[in-house]
Amino acid sequence: TKIEKLFLISKNYPYLIALSVKDNHGTWIDAKNMKILEEVTEKINSNENIDYATSLANIKTAIIKDDRFILGPGKQLTGKKSTLSNPLLVPQVLTEDGLHTAIFVTPNSLDNEELDHLLDYLEIHTQSSDYEAQIGGPSAVTIQMTRLLKKEVTLFAVISFFIVILTLSIMFKGISAAFIC
């Protein structure tokens with residue numbers, strides 16, 4: 001539509017991956033966690049079905065340091081407490097306490113089956129013992145609801161089939177006995 005073109009809104013709804021560091025693992029601005037975030041973001045970006053993935057590790061940002069204006073990726077802010085008060089980053093990709101961050105994943109134009117496989121890929125490649133990951137966004141919710149509905153409809157069909165067989169066997173028990181004799 002005109003609005004999508006005007007504001008560069010993608011027709012491919014993004015996935016949102018929320019990452020939370022586990023207790024006693026520091027914050028996302030710590031060097032170790034920033035390196036983990038950078039690796040996860042690169043791994044996600046390496047998938048051919050992904051247009052781009054943006055996180056604190058690769059987002060372009062600006063800071064003022066010693067009266068100088070510096071542009072660069074968010075990973076340059078590692079260890080700087082001022083990052084937690086940067087209005088370009090908080091609350092867009094990082095929470096005020098630094099314990100939670102987000103990765104925005106925009107897929108290429110994919111059909112539903114490919115989006116389903118992409119969700120599986122994201123679930124596999126965001127698992128870690130260092131943090132907890134939750135995947136959301138319109139595409140993820142649609143796929144997860146489709147999976148749930150498919151499972152529920154299948155279960156309903158199987159149970160209904162057995163109930164019909166049971167009902168018919170009870171109703172026609174006398175008739176089937178007459179035909180057998």
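Refer to the preceding data block for the structure.
My aim in this report is to walk through the structure given alongside it, one point at a time. (Residues numbered from 1 in each chain as written. Predicted model: local features only at pLDDT ≥ 70, side-chain atom pairs only at ≥ 80, totals over all residues. Heavy atoms only, no water.)

Regarding the pattern of salt bridges
- Scanning the model with the defined rule gives three salt bridges in all.
- Arg-147 serves as the salt-bridge partner of Asp-116, at 2.4 Å between the closest nitrogen and oxygen. Of this pair, Asp-116 sits in helix α3 (residues 112-125) while Arg-147 is found in helix α4 (residues 138-171), placing the two residues 31 residues apart along the sequence.
- Ionic contacts of the salt-bridge type, sharing partners, join the residues Asp-116, Asp-120 and Arg-147 into one network. (Salt bridge = Lys/Arg side-chain N within 4 Å of Asp/Glu carboxyl O. Helix = DSSP H or I, 4+ residues; strand = E, 2+ residues; numbered from the N terminus.)

Some remarks on unusual backbone geometry
- Despite not being glycine, Asn-24 shows a phi value in the positive range, around 60 degrees.
- Along the chain, the position of Asn-24 falls in the loop between β1 (15-21) and α2 (31-45).

Section: α2
- Spanning 15 residues, α2 covers 21 Å between terminal C-alpha atoms, matching the ideal 21 Å at 1.5 Å per step.
- For α2, the full list of buried residues reads Asn-33, Met-34, Ile-36, Leu-37, Glu-38, Val-40, Thr-41 and Ile-44.
- Buried residues along α2 sit in contact with β1, β2 (50-54), β5 (100-107), α3 and β6 (131-136). (Expected span 1.5 Å × (residues − 1). Buried < 20%, exposed > 50% of the residue type's maximum accessible area, 1.4 Å probe, protein only. Contact = heavy atoms within 4.5 Å.)

Looking at the environment of Thr-61
- For Thr-61, the location among the structural elements is in strand β3 (residues 60-65).
- Thr-61 sits 28 residues away from Leu-89 along the chain, and the two C-alpha atoms are 7.8 Å apart.

Describing the layout of surface pockets
- Approximately 200 Å³ is the volume found for the largest pocket.
- Along the walls of the largest pocket sit Asn-112, Glu-113, Leu-115, Asp-116, Pro-138, Ser-139, Thr-142, Ile-143, Thr-146, Arg-147 and Lys-150, which together make up its complete lining.
- Counting residues per element, the ones that place at least two in the lining of the largest pocket are α3 and α4.
- The element that contributes the greatest number of residues to the lining of the largest pocket is α4, accounting for seven residues.
- Of the residues contributing to the lining of the largest pocket, the split by class is three nonpolar, four polar and four charged. (1 Å grid on protein atoms, 1.4 Å probe; cavity = no way out; pocket = protein on both sides within 12 Å on 5 of 7 lines; lining within 4 Å. Points joined across faces, edges and corners; volume = space filled by probe spheres on them. Nonpolar A, V, L, I, M, F, W, Y, C, P; charged D, E, K, R; others polar.)

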